[in-house]
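Architecture and fold: a report
Next come the chains, spelled out residue by residue.
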Amino acid sequence: MQRHILTLRCPDQPGIVHALSGGITEARGNILESAQFSDPDTGDFTLRVCLETPREDAEGLRDELALRLARFDPVLSLRPEEQRRRVLLMVSRFDHCLVDLLYRWDLGELPVDIPLIVSNHPDCAPIAERHGIPYVHLPVTRAGKPEAEAELLRLVAGHRIDFVVLARYMQVLSDDLCRRLSGRVINIHHSFLPGFKGAKPYHQAHDRGVKLIGATAHFVTADLDEGPIIEQDVVRVGHRHTAPELIAIGRDVERVVLARAVRLHAEDRVVLTGSRTVVFA
C-alpha cells in the first residue's frame, strides 16, 4: 500500500468530505488520518488527509480526485508520503539556525532533502562541507541584486526546489522575487519588530526592560516581515538578564520556531488561506 498526503482548500459548502471520501473509496483507498477546518471569517474550508491505497500513480490519483471535486473549485495537492520535499537553505553570517536545521536533518527529524545551501557570504561554507552539501556563494550588491536573484531562481528551478528557508539570510528579497516564489519561502525573525528596528534590537529591548523574547516564522511576502504566520513562541526574561544573555535566549527561540515551521511545511500541515495559515499540527 502506498501512503499519500492530500491537502485541499476551497469555499466551504456541504458535500466536500463526502465527495472526497467517495473518490478515495473508488481508488481502493483508506483514510489513516484526517483534519479539517471551516473558517467563518474567510468562508474557506481546508483539509489534510493521510491515506493509503494500492495506487502508485500519484498524479493520476490526484487528477481523478480533482475531477470528482471539481464543482467545489478546490486547490488540491497530493504527493506520496515518501517523496520528501526539496529545500534550499539560505544564510548570511549568523549560523545558529543553519546549524540547528542541519543537526535535526542529520538525526532524521526533518523529512526533507537539502540539495544545496546559498549564501551572500563565504563564512558558512565549512558547515556545508561537513554535511556534504554543495555551498553556493552568491554575493549581493545594490547594482547586482537583479542578477543575483535571477541566478537564485535558476538554482531553484535546476534543483527542483519545493521551498526555500531563510535561516537568518539578511538580505531583503525584491517584490518580484517574492511574487515568483509566493508561498514557497519561509523566514524567521525576532519578536521585537516593529518596536525595536535597526541595529542591536536585543540591546534596545534590554534598555526598555522587555519581559518576553519571542520569534516568528512566516511566509515571505513583499510586505517585509508581515507574511502569513506559521509558528511562534516566547520565553519570559527578567531584569537580571544582560543583553548578551537576551541574545543567547533569542537564538534558542529562533532555532526552535524555525525548525518547527520547516517540519510542519515539509509534512504539508500548513495551508495558506489569504493572509493567514491553517496549521494542522
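Everything below is about the structure shown above.
Predicted model only: the values in this text are computed from it and were never measured. Residue positions are counted from 1 within each chain, in the order its sequence is given. For this predicted model, a pLDDT threshold of at least 70 governs which residues receive local features, and a threshold of 80 or more governs which side-chain atom pairs are given and counted, while totals over whole chains, interfaces and linings are taken from all residues. Computation of side-chain values: all heavy atoms of the structure, hydrogens and water removed.

1. Points about the sheet that holds strand β7 (residues 135–137)
Consider a sheet: its strands pair through backbone hydrogen bonds, and that pairing is either parallel or antiparallel. What counts here: Any two strands with at least two DSSP bridges between them are considered paired. Helix and strand definitions here come from DSSP, where helices need a minimum of 4 consecutive H or I residues and strands a minimum of 2 consecutive E residues; each element is numbered from the N-terminal end. Geometry is summarised by axes, namely lines fitted to C-alpha atoms with helices restricted to the contacting stretch, and by angles between N-to-C directions that run from 0 to 180 degrees. For this analysis, residues touch if any pair of their heavy atoms sits within 4.5 Å.
Read from one edge to the other, the open sheet built from seven strands follows the order β7-β6-β5-β8-β9-β10-β11, with strand pairing classed as mixed. Lying at the two open borders of the sheet, with one neighbouring strand each, are β7 and β11 (229–236). Ignoring strand direction, the axes of neighbouring strands in this sheet form an average angle of 20°. As paired elements, strand β5 (residues 85–91) and strand β8 (residues 163–166) share four bridges and run parallel to each other. Note on β8: the bridge partner recorded for Val-87 is Phe-163. Against the sheet, helix α3 (residues 96–107) contacts β5, β6 (112–119), β8 and β9 (185–190), and its axis sits at roughly 160° relative to β6.

2. Comments concerning the nonpolar core
The line we're drawing: Residue types Ala, Val, Leu, Ile, Met, Phe, Trp, Tyr and Cys, when buried and joined through side-chain atoms within 4.5 Å, form a set referred to as a nonpolar core. Whether a residue is buried, partly exposed or exposed follows from its accessible area with a 1.4 Å probe, protein chains only, as a fraction of its type maximum: under 20%, in between, or over 50%, in that order.
Grouped together as the largest cluster of nonpolar side chains are 34 residues, with contacts concentrated most on Leu-89, Leu-98, Leu-101, Leu-102, Ile-117, Val-165 and Leu-258. Secondary-structure elements contributing two or more residues to this core are β5, α3, β6, α4 (125–130), β8, β9, β10 (212–219) and α8 (243–266). Here this core gets eight residues from one element, more than from any other, and that element is α8. In contact with Leu-102, other than residues within four places in its own chain, are Leu-89, Ile-114, Ile-117, Ile-127, His-131 and Ile-133. Formed by 21 residues, the second largest nonpolar core is a distinct cluster that contains Met-90, Val-118, Val-164 and Leu-177.

3. A closer look at unusual backbone geometry
One non-glycine residue, Arg-160, lies in the positive phi region at around 55°. By the element assignment, Arg-160 lies in the loop between α5 (145–158) and β8. By relative accessible area, which is 57% here, Arg-160 ends up exposed. Phi at Asp-268 takes a positive value of approximately 55°, unusual for a residue other than glycine. Following the sequence through the fold, Asp-268 ends up in the loop between α8 and β12 (270–273).

4. Things to note about the sheet that holds strand β3 (residues 44–53)
One open sheet accounts for four strands, arranged β2-β3-β1-β4; its pairing is antiparallel. A single partner strand is all that each edge strand has here, and the edge strands are β2 (30–38) and β4 (75–80). With strand direction ignored, the average angle separating the axes of adjacent strands in the sheet is 10°. In this sheet, β3 lies alongside β2 in antiparallel orientation, the contact comprising eight bridges. Following the sheet pairing, Gln-36 is matched in β3 by Leu-47.

5. Focus on the layout of surface pockets
Note the cut-off: Lining residues are those with an atom within 4 Å of a point, where the points come from a 1 Å grid over the protein atoms alone and group into cavities, where a 1.4 Å probe fits but cannot get out, or pockets, open sets with protein on both sides within 12 Å along at least five of seven lines. Grid points are joined across faces, edges and corners, and a volume is the space filled by probe spheres set on the points. Basically, the charged four are Asp, Glu, Lys and Arg, the nonpolar ten are Ala, Val, Leu, Ile, Met, Phe, Trp, Tyr, Cys and Pro, and anything else, Gly included, counts as polar.
Considered as a void within the structure, the largest pocket measures approximately 800 Å³ in volume. If you go around the largest pocket, you meet 34 residues; those closest to its centre are Arg-168, Met-170, Ile-188, His-189 and His-190. Sorting the residues of the lining of the largest pocket by element identifies α6 (175–180), β9, α7 (201–207) and α8 as the ones contributing at least two each. Per-class residue counts for the lining of the largest pocket are 16 nonpolar, ten polar and eight charged. Roughly 470 Å³ of internal volume is contained in the second largest pocket. Residue lining of the second largest pocket: 17 residues in total, with Ser-77, Arg-85, Gly-183, His-265 and Val-270 positioned closest to the centre. Elements represented by at least two residues in the lining of the second largest pocket include exactly β1 (2–11), β4 and β12. Split into classes, the residues belonging to the lining of the second largest pocket amount to eight nonpolar, four polar and five charged.

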